[in-house]
Structures are given as C-alpha cells and as structure tokens.
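Structural overview for review
The primary structure of each chain is shown beneath.
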Amino acid sequence: MAGRYWRHNRRARASVAIGVLLLALSVAFLTLAPHLHGGVAVSVGTASLMAATISVVTLGNSLMQFLTWWRRRATPPPAPTSADIGTAKDILAGLVAQQWRDETVLRSLCDPEPMPLPWRSTEHRELADHPEIIARGTVAFPGLGVHIEDMARNFRALRSRRLVILGGPGTGKTTLAVQLVLELLRTREPDEHVPVLLSAARWDDRLHPRIQDWLAESLAMDYPALRAEGLGPAIPETLVARGEVLPVIDGLDELPDHARAAMLAALNRSMCENDQLILTCRTEQFAESVHEIGDVLTAAAVIEPQAMTAAAAAEYLRACLPPVPPPSWPRVLDELRAGAVPALSEVTSTSLGLWLVRATYIAPRVDPAPLLALGRGSAADLHDHLCDQLIPALVSARPPADGPSQPFRPQHAWRADQVGRWLTYLSRQLTIGKEDSRDVAWWHLARHTPSRGVRIGAGLASGAVVGVVFTALTGSALVGALIGMPVAGVVMLVTGSWFTESPGHADFQVRGRLSDLLRVLRDGLFVGALGALVGWLMGRSVGGPDVGLSAAWQIGLLSGIGFVVVLSLIRWVEHPTTEATARSPRSTWRADRNLTVIRIVSGLVVGMMGGAIALKAQLSPSVAIVGGLLLGLLFGLLLGSHHAWLAYKLTIPRLASRGRLPLRAMGFLDDAHRLGLLRTEGPYYQFRHIELQQHLARGQDTTPAEKPRPASPLP
C-alpha cells in the first residue's frame, strides 16, 4: 500500500528528490567550509545551514503527508448526520440560486419576460424510453402555452424525474435549463434534490466512469462552502451518494462523437432508481449517440422546441422596444409578421436569433434597416452579420461604469476590435485544446503557452539576483555562485508543476479547529527533531560533538519553525467557510493570490529566524538579515501546493506582448462577462453561446493561435 502511494503521488516523489538534492548540497558545503577562511567560510557554513533546513522541511513534509494518508486509510471518517446533510443542501441550494439568478439578469432571460419558445414531447419515438417507464399516464409536455411553472410541475410528475432537452443550435436549451433550475429551487421542498447545472465538457469518463464521482468532485470545486468543518466530513461525496443532488448537464453535443456516446452509456450504467437528471443536447448528436450505444437514456422524457412563429417573434421584439418605438421598427415588425423577410423569420425562430437581434439593433438603438435587406436573403448570411455586429453593439451599448462598480457594466474601456481579437484567441484555444471545449479557466491560460522558457528564465533570474546579493554582501563571487546556482536549479525544478496547478483558497477560522492546530504543533516537533538529528550527524562528522550540537540546535529549530509557519500554516488555512459564496473566476483568482501573500509572509518569518541564528553565529549583520529575508522569501514562494496565480502572472506578459490578451486579462474577462459575451459556471467562464464561440474561431485573425503545450518537468 505504501508503494502505491509513492508510485501515484508525483508531487511526493518530486519533494523527496528536492530534499535529497539539498541535503547532498548541504553536506558538500559543510565539507568545503573548513578549507576556507574568514567571512567566506562563515558564508558557506550559513549556506550549508539553510540548505539543510530546507531539505529537512521538504523531507519531513513528505513523510508527514504519507503518515496522514496512512492514518486516513486505516481509520474511516465518521458519517455526516442528517442535520449536516440538511444544512448542506440548504447551503448548496442558496449558492446555486444566487449564481444563476445573477446570470439570468445579466443575460436578460426574463426581461421583459421569458422568450415565448414552446416545448413539447419529441415526436422521434426512437429517442425516448417506453412511456409507461417515463411517467404514470401521459407524458405531459403538450407544447403551446407551457410556462416554466408548468414545466417544473411536469418534470416532478415524471417517475424518475429525468428529462432530456433537445433542439437545434440556438433554440434555447441552456436558457430553459437555467430557468428550470431556478424554478425548481424556488419551489423546492426540504426532501427534494438540489439542482446543480454543470457543463458536459468537464466530464472525462476515463477519469470518472461513474457520474457520481464526477459530480462530487465538481461540487467540491465549485462550491467550497460544502467543505466547511462544521458540516462534517466528505459532504459533497455524501450528498451525491445519497441522491440529494439533481445534475443538470448542459451541452452533451459539445463532446466528440465517441465521448458523447461513452457519456450516455456511463449515465445509464451509473444511475440508480432514485437518481434524477436533466440533460441538454442537440437533436442530431443525441440521435447519433443513441444509435451508437443501441439504447436511450433510461426512464427519461425527451422534449424538443417548436419553431417560434414569426408573429410570436415580432410580438416579443415589440415588447423589448420602447412604448413609442423608432419610426423604422414598425415596418420591420410588420414585414416579419407578414413573412416578407424569410431569412429574418428563420433566424428569429430561435431564442439565439431573437437575442442577437435584440442585442445588435434594439439595445444600441441602431437603425434596423439592414434587417430588411438581409432578411430577404440567406439566413446564414444574416446570422453571420448579427454575430459580426454583436461585439461592437455590446461594447457601445454598455459603456464603462462611471463611479462605483456596477454588476452589469464593464469597469474598463475596451475597443471593439480588441475585444474581438482577444475572444478569438480564447475561442481558438478551446477549439484545439484537449482539456475541454467550453470552459475558460484563468489558470488554464498558463497551459496554453509553452512554459519551459518561462521557467528557465525565472530560475536564472532568481539565481542571478540571489548570487549578486550574496556577492555584494560577502565580497566573494564564489559564495554568490555557490548559493545562486542551486537556487536557480531549484526554481527551475519546483516551478514545473505551477503551470498545471489549480487555484487554492484560504480560511482563517480558528473555532472548532483546535485539534488541527495541535496536530500542526506535534508534526512541527517531529520535523524539528528530525532536523536536529540531521544536524548532529552532519556537524559531528565534520567538526566533532561541539559542532554537532550547534548544528543540531540550529537546523532543528529552523526546521521545526519552517515546517509549522510555512507548510502547516498553508495546509491549515486551505479550507472553505460556510459563509463562502459559489466560487466565481475572480474570487478564485483573489483567493490564490492571497495564499501567495500568506506564503511570502510566512517565508519572511522563517528568514528572520534564520537571520537571528546567523547573527548569533557572528555572521555579518547585513549578510544575516538581508540574506535571511531573501532566502526566506524564496522559501515561501516555492513551497505550498497552489501557485496558479504566480503561473498566471508569469504567463500573461508573454501573451500580452503577442497581442493574445491584455495585461489586465482578468479585468477583461470580467468585463466580457458584464458585456454578456461570456457567462460563468462556478470558477469557469464560458462563451454565452457555443455558436458565437464557433463563429469567432472560424473568423480571420492576424495573430494565429498557438497550440497549448502542457507544462512538463525539466529533464
């Protein structure tokens, strides 16, 4: 069992390798020191002390993580109580409602009212299960006149409460899913499942063959409040295992053919009798997957939209206009009702087309005359025209907020051509990327750019700075080289994982976590004792018992403090609180940045302790203080498990220099969301419509996209 841990934990293997390397370096320094004289000898001895300390902390951390894993394997955690589960469901329901209510307002889904697109049970009998398995009596999705309240009531009437929402591009499948989630939450009884909307592109059936495993992991990532100590252990896993979550999986059609069929088969394979589900997919792709696996989605009702009539579309657009519309609009609406503009009728028969017309011509108060000219031609040409005009229209219609931040107005001024160019880059990265087809994660930007050159540059820069500082402090280029070169190598090696790490978040709540704090102190004493043993063995072998005792005291104290202040503190604060909201992209960015600040402060504390010990060893005050703080800063930066913000900061300047993204990339993504071009799903951004993403990816661009290359360790 221990062998399996080390075999599958790449981070643990890398930590041990770095620890052994630094320990060997410390022994080499200690062996070299007696052959030198004066300040150089003292400096080399201090370098040996620091290398040994970092080595002990690194090795001790690996050992403590292994022991923690071993104890957890041997002692299963207690099961959450019914009260814990009820509280967790209420928290989750509140977070999901808050998340999608904001999106509903941003996307104008209910302004002035939901789009009048009727839905009914599919006429393709080969796509749905036997009627008696789906519902008792008639499957009640009649189509015309069905509002969202009726839709929720009909959904609850299904025997297994499973629903597949089909339709063509832009027919409002996601819109219906969002509205259904909010309605189910608004009318939810305490014993009912909590609906959670997720993108199908995030499910890798090879990593998670069962939907329950993927759903639990997604809940833990998107809603960290479920990991709060007060809720009991493993709440996301427990909610899923007990069937308390209703997954609403959006965009099955966005997966490749084989993956789509595999997911449909996995759903049938992993769902129990009481498992509920809502799934959206394009009709053609769903039919292909059903044909490939030779089966439908078990016990699921299947609905499709009816085409919106030209009269209904004209009435909806009229309601979006002012009571006294501009003079040119009545003619457009009259010709739309009369069927004189067939391309416009076809485009506005879907919710996407209606929104495009509203966003490009009504919101910015633009003359709609082109709708008449293009409306008599090709629907494809009209659709492309609307997509081309969308970004300029939204940028002009929603100028930056003047004063305090407003939820649905951008905070910065961007030119329309800049917004188009940067979104084109992101759309192409999603097209060629292998991780997903829709999710834009800020920490994935580092994966879209080759990292080897950045890591080499960061390592050389760090080594050069440390080398120059120690050369200036000691007056010896040898000391600067002996310290700077290992620093450069360690930075190159350690930063290899930064570009693939996910963001972290911190919690400083002390109440109810005293036992964790006591374990931190216990582990610190153990690592300190390990450091004392290493110091004794090293010092005694070189200078006898007196040197061994001095080295044992110095390395043991620094190792224990370094382990407690840096490593254990970081692990201790990486827990969510019950007051946390559903994680947004910006909040995860800030949280990981805050962890970086915490590590820097902790490292400086350890550096100050090292400087104090060096002063007691009669080292020059400037060397002790400046050198200790500098090495402590590097110590705090390099250790820990979450460096996504640092990887982002190393990557964005390179992307900005090539015109891929602005230097204020997070500000741009936030503003693109406020403009209505992107939406959020937990910590991810997504293009509001896959059709817009595909349109941008097909467009011409003067800066071709780079193929993403995952970061890999240096040889």
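Calculation criteria
- Residues numbered from 1 in each chain as written.
- Predicted model: local features only at pLDDT ≥ 70, side-chain atom pairs only at ≥ 80, totals over all residues.
- Heavy atoms only, no water.
- Helix = DSSP H or I, 4+ residues; strand = E, 2+ residues; numbered from the N terminus.
- Buried < 20%, exposed > 50% of the residue type's maximum accessible area, 1.4 Å probe, protein only.
- Contact = heavy atoms within 4.5 Å.
- Areas by Shrake-Rupley, 256 points an atom, 1.4 Å probe, with all protein chains shown as cover.
- Axes fitted to C-alpha atoms, helices over the stretch in contact; angles between N-to-C directions.
- Parallel < 35°, antiparallel > 145°, perpendicular 65-115°, else oblique.
- Left-handed = near helix turned anticlockwise from the far one by under 90°.
- Pairing = 2+ DSSP bridges.
- Expected span 1.5 Å × (residues − 1).
- Phe/Tyr/Trp six-rings, centres within 6.5 Å; stacked < 30°, edge-to-face > 60°.

1. Overview of the overall build of the protein chain
- A tally of regular secondary structure across the protein chain gives 26 helices and 8 strands.
- Counting every position in the protein chain, which comprises 715 residues, the buried fraction comes to 55%.
- Taking as baseline every contact in the protein chain between residues at least 6 positions apart, the subset at least 24 positions apart corresponds to 80%.
- Carbon and sulfur atoms provide 61% of the accessible area of the protein chain, an area that totals close to 30500 Å².

2. Concerning the packing of helix H17 (residues 379–397) against helix H18 (residues 416–432)
- Remark: H17 packs on H18, axes separated minimally by 9 Å, with the N-to-C direction vectors making an angle of 130°. The pairing of H17 with H18 is recorded here as oblique in orientation. Crossing handedness for the pair H17 and H18: right-handed. The segment H17 lies against H18, with Ile391, Pro392 and Val395 engaging Ala416, Val419, Gly420 and Leu423.

3. Concerning the sheet that holds strand S2 (residues 162–167)
- Pairing in this open sheet of 6 strands is mixed, and the strands run S1-S6-S2-S5-S4-S3 from one edge to the other. With partners counted over all chains shown, the strands left at the sheet margins are strand S1 (119–121) and strand S3 (194–199), one partner each. Within the sheet, the average angular offset between the axes of one strand and its neighbour, ignoring direction, is 25°.
- As defined by bridge partners, S2 adjoins strand S6 (residues 301–305) across 3 bridges and the pair is classed as parallel. Looking at the pairing, Val164 lines up with Val302 of S6.

4. With respect to unusual backbone geometry
- The backbone phi angle of Arg161 is positive, close to 50°, even though this residue is not glycine.
- Inspection of the secondary structure puts Arg161 in the loop between helix H6 (148–157) and S2.

5. Side note on helix H19 (residues 452–474)
- The end-to-end C-alpha separation of H19 is 33 Å, in line with the 33 Å expected for 23 residues at 1.5 Å each.
- Along H19, the residues classified as buried are Val454, Arg455, Ala458, Gly459, Ser462, Gly463, Val466, Gly467 and Phe470.
- Note on H19: the residue one or two positions beyond its end, Gly475, has a positive phi of about 75°.

6. Section: the packing of aromatic side chains
- Taken as a whole, this structure holds 9 aromatic pairs when the rule is applied.
- Aromatic side chains Trp414 and Phe668 sit 5.8 Å apart centroid to centroid with 80° between the ring planes, which places their arrangement in the edge-to-face category. Residue Trp414 is located in the loop between H17 and H18, and its partner Phe668 is located in helix H25 (residues 665–675); the two are separated by 254 residues in the primary sequence.
- Residue classification places Trp414 among the buried positions, given a relative accessible area of 12%.
- Ring geometry for Trp442 and Tyr648: centres 5.9 Å apart, planes at 90°, overall edge-to-face. Note that Trp442 is positioned in the loop between H18 and H19 and Tyr648 in helix H24 (residues 644–657), a separation of 206 residues in sequence. The same class applies to Trp442 as to Tyr648, namely buried.
- An aromatic cluster is built from Trp442, Trp443, Trp589, Trp645, Tyr648 and Tyr684, whose rings are joined through pairwise contacts.

7. Some details on the pairing of S2
- In terms of residue burial, S2 counts as a mostly covered element, since 6 of its 6 residues are buried.
- Here S2 shows a buried face lined by Arg162, Val164 and Leu166 and a second buried face lined by Leu163, Ile165 and Gly167.
- With 6 bridges joining them, S2 and strand S5 (residues 277–282) adopt parallel strand pairing. Looking at the pairing, Gly167 lines up with Arg282 of S5.

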